[in-house]
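Geometric and topological summary
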Amino acid sequence: MTIRRGIPPLVLLLLLVACTAEEPSPVRLDTVRRAPVTEVVEAPATVAARATAALRSPAQGTIGKLYVRDGQKVDKGEILARISSPQAEEQLEQARAAERAASRSGSPPRLGGGTPGFRLASGLTVRTDPRVRRGFAKARAAAREVDDPKVRKHLLATLDAVEAQHRAHQEALARAARGLTESLNRALSSALGQVTSQMSAGLGGLSTSMASLQAASLSQAKAAVTVAETTVDGLTIKAPFGGIVTLGRTSGGGAPDLSALLPQGAAGAAQLPASASGSSGSGTPVAVGVPVAAGDTVVTVTDVSELTLSADVDETDVLLVEPGIEAEAEFDAVPAGLYAAEVTGVGVTPTETTTGGTSYPVRLSLGAGTFDDGSKAPIPKPGMSAVVRLIVRESPDALAVPASAVVTSGRDSVVWTVRDGAAERRVVKLGAQGESMVEILSGLSLGERIVVRGADTVRQGRPLP
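Just so you know, the residues in each chain are numbered from 1, in the order the chain's sequence is written. Whole-chain, interface and lining totals are the exception, using all residues; otherwise, since this is a predicted model, local features are given only for residues with pLDDT of at least 70 and side-chain atom pairs are given and counted only at 80 or more. Based on all heavy atoms of the structure, the side-chain values leave hydrogens and waters out of the count.

**So, the pairing of strand E12 (residues 326–331)**
Residues Ala327, Ala329 and Phe331 of E12 are buried on one face, while the alternating residues Glu326, Glu328 and Glu330, pointing to the opposite face, are not. Note on pairing: two strands pair once DSSP finds at least 2 bridges between them. Only runs of H or I of at least four residues qualify as helices and only runs of E of at least two qualify as strands under DSSP, and these elements are numbered from the N terminus. In terms of strand pairing, E12 meets strand E13 (residues 334–346) through 5 bridges, oriented antiparallel. From the neighbouring strand, glutamate 328 faces E13, where its bridge partner is alanine 340. Hairpin remark: E12 followed by E13, antiparallel, with 2 residues in the connecting loop. Sheet topology note: the E12/strand E16 (residues 385–402) ladder contains 5 bridges and is antiparallel. Bridge pairing links glutamate 330 to valine 387 in E16. Buried residues are those whose accessible area, probed at 1.4 Å on protein chains only, stays under 20% of the maximum for their type, while exposed residues exceed 50% and partly exposed ones sit between those limits.

Below, the structure written as C-alpha cells:
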C-alpha cells in the first residue's frame, strides 16, 4: 500500500484500523473439563425494617406533652405523647348526654288493656225544691191555726197527701232519668268500644315502629359514645410495638406500615413529617404546644429488630428464584462489606422498570456482614440501597466449558468441537451459567477439544489446528 504525501496522520490511522479490522479473529482451542459453576442473578435492593407505624392525632388540638425524643428506643405500650383536644372532650360529653336522653325516653304511647268507657252523670236526686218545702210548711202552719179540729185535721191530711204525691212524681222522674242515662251509656260504650278497637289495631303497628325507631336511636347514640371514647383514648399515643422513635413521619425504609391495624384513636390518615430538633419535609416541627389536625402524624415507630431486603428481580431471571436460595448483599454505604442473605419470598405483582422492562419483588432476610479482613461490618439502616447476588444454581463438579465457547443460534446453544482436524457444530444443553464457566448437561464429553475464542467466526468443516 502506497502512502501519498500530505495525507493527514488521523486519516492514515483510520485506514490502518480498517485494514486490520477486516482480518478474522484468531481461534483458540481448549478442552472440556470439570469445574465448579455458580449461576448468580444480580438485582437492586433496599433495606426494610420489620415493621413501621405512623401514629397520628385522632382529633384537632395541640401537642400537650412529648415523652420521647428522636432516635429513642421504646417498648411496646410505652406512652409517647399526649394530645390536648377540648373539641374531642366536648364531643364525648355530647355523645354521652345523647345516650342518656335516648335511654330515658319511654316507650311509645300504647292503649290500655280494656276498652275505655264513658258514663253520663244524671245529677237527678229525689229531693224537694226549697220553695216547695217552704210552701208546704206555711200551709201546715195555717192549717194548725184553724179552730175546728175536724177541719184542721182534714187540711193537714190533705197537705200530707199532696206532699206525698209530689215526692212520688219526683221519684218517678229520677227513675226515668237513670234509665235514660243507662241506655245512653250502654249505646255510647258499645260505639266507643268499636272505635277504640280499631284505633288499637292501628296504633299497635305505630307503637311497634316507634319502639324500633327508639331502639335504633339508642344504638346509634351508644355507637357515637364508643367512637368519641376511642378518639379521646387515642389522644394518649402509645407504642404499638418496640422500636426506634422518629418524631413526625419517616421518609421510607420499605417496612410494612401497620397504622391500619391500630385503633382509630391511635392512627389517622394525614401526615405531619417533622422532628423536634429540626424539620423534615414540610418544615413543621413536632413540639409541645404545636397545633395538629386530625390525621397529622405525630410519632413514627420503626421496629429494627429484624432487617430484610426488598429486591427487584428482572422477569428473565425471576423464575430461577425460589425461597431458601442463598444470596450476598453489598451496600454503597459499606464499601468492602459483604452481608449474608436468604430468599424468604417471591412476589407475583409485576413492576415496570425505568428501562421499560418488568421486574418482580423478592424478599430476603438480611444476616450479619463482614469486611475483607474478617472484621464485623456495621448494621445497615432502613432505606439503604444494596445490590444482591442470588445464587440460583450451583454445581460444584460440573462438566464445564468457558462461557465464550457457547454460541446462541436461534433457540439452540452451540459449541464448536474439533473432529479429524475440522470444525464440527455440536448442539448442547446448558445447566448452571456462571460469569466465566458454563455447565454442559449433554452434547459434549470430558476431554473433547473445543473452540473457546473466535467461535462466532467458525463454520462447519473449517480446518482447525
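From this point, the discussion proceeds with the structure in view.
**Some thoughts on the pattern of salt bridges**
Salt bridge criterion: a side-chain nitrogen from Lys or Arg within 4 Å of a carboxyl oxygen from Asp or Glu. Inspection of the entire model under this criterion finds 11 salt bridges. Between arginine 393 and glutamate 39 there is a salt bridge, and its shortest N-O distance comes to 2.7 Å. With arginine 393 in strand E16 and glutamate 39 in strand E2 (residues 33–48), the pair connects residues that are 354 residues apart, well separated along the chain. The exposure class of glutamate 39 is buried, given its relative accessible area of 8%.

**A look at a nonpolar patch on the surface**
For patch detection, residues must exceed 30% relative accessible area and be free of salt bridges, and they are connected within 9 Å for like charges or within 5 Å for nonpolar side chains (Val, Leu, Ile, Met, Phe, Trp, Tyr). Using a 1.4 Å probe, accessible areas were evaluated by the Shrake-Rupley method; residue-level cover was limited to the displayed protein chains. Judged by side-chain polarity, Leu180, Leu184 and Leu188 come together as a nonpolar surface patch covering roughly 260 Å² of accessible area. By relative accessible area, leucine 180 is classed as exposed at 53%.

**Brief notes about unusual backbone geometry**
Non-glycine residue alanine 336 carries a positive phi angle of around 70 degrees. In this fold, alanine 336 is placed in strand E13. For alanine 336, a relative accessible area of 46% gives the class partly exposed.

**Regarding the sheet that holds strand E3 (residues 51–56)**
Overall, antiparallel pairing links the 4 strands, which are arranged E3-E10-E8-E5 in an open sheet. Sheet topology places E3 and strand E5 (73–74) at the edges, where each strand pairs with a single neighbour. Here E5 pairs with strand E8 (residues 243–247) via 2 bridges, running antiparallel. Along E8, the bridge assignment pairs lysine 73 with isoleucine 244.

**Describing the side chain of glutamine 72**
The topology assignment puts glutamine 72 in the loop between strand E4 (61–66) and E5. Take glutamine 72: its relative accessible area is 18%, and that puts it in the buried class.

**A look at the sheet that holds strand E9 (residues 291–292)**
Reading across from one edge, E7-E6-E4-E9 is the order of the 4 strands in this open sheet, with antiparallel pairing throughout. Two strands in the sheet have a free side with no partner beyond their single neighbour: strand E7 (236–238) and E9. Here 4 bridges tie E4 to strand E6 (residues 79–84), and the two strands are oriented antiparallel to one another. Bridged to isoleucine 63 within E6 is isoleucine 83.

**Observations concerning the packing of aromatic side chains**
Within 6.5 Å between ring centres, the rings of Phe, Tyr and Trp (the latter by its six-membered ring) count as paired, and their orientation is classed by plane angle as stacked under 30 degrees, edge-to-face over 60, tilted in between. Counted by the stated rule, this structure contains 1 aromatic pair. Judged by centre distance (5.0 Å) and plane angle (85 degrees), the ring pair of phenylalanine 331 and tyrosine 339 falls under edge-to-face. Tyrosine 339 shares its class with phenylalanine 331; the two are buried.

**A few points about the nonpolar core**
Judged by nonpolar contacts, the single largest core of 29 residues is most densely connected at Ile63, Leu80 and Val298. Of all the secondary structure elements, the ones that give two or more residues to this core are E3, E4, E6, helix H2 (86–104), helix H4 (149–234), E8 and strand E10 (297–303). Setting aside residues no more than four positions away along its own chain, valine 298 makes contact with Leu55, Arg56, Ser57, Ile63, Ala81, Ile83, Ile237, Thr246, Leu247, Gly248 and Val286. For the purposes of this section, nonpolar cores are sets of buried Ala, Val, Leu, Ile, Met, Phe, Trp, Tyr and Cys residues that join through side-chain atoms within 4.5 Å. In this structure, Val318, Ala329, Leu364 and Val388 belong to the second largest nonpolar core, which totals 26 residues. Whether two residues are in contact is decided by their heavy atoms, any of which lying within 4.5 Å being enough.

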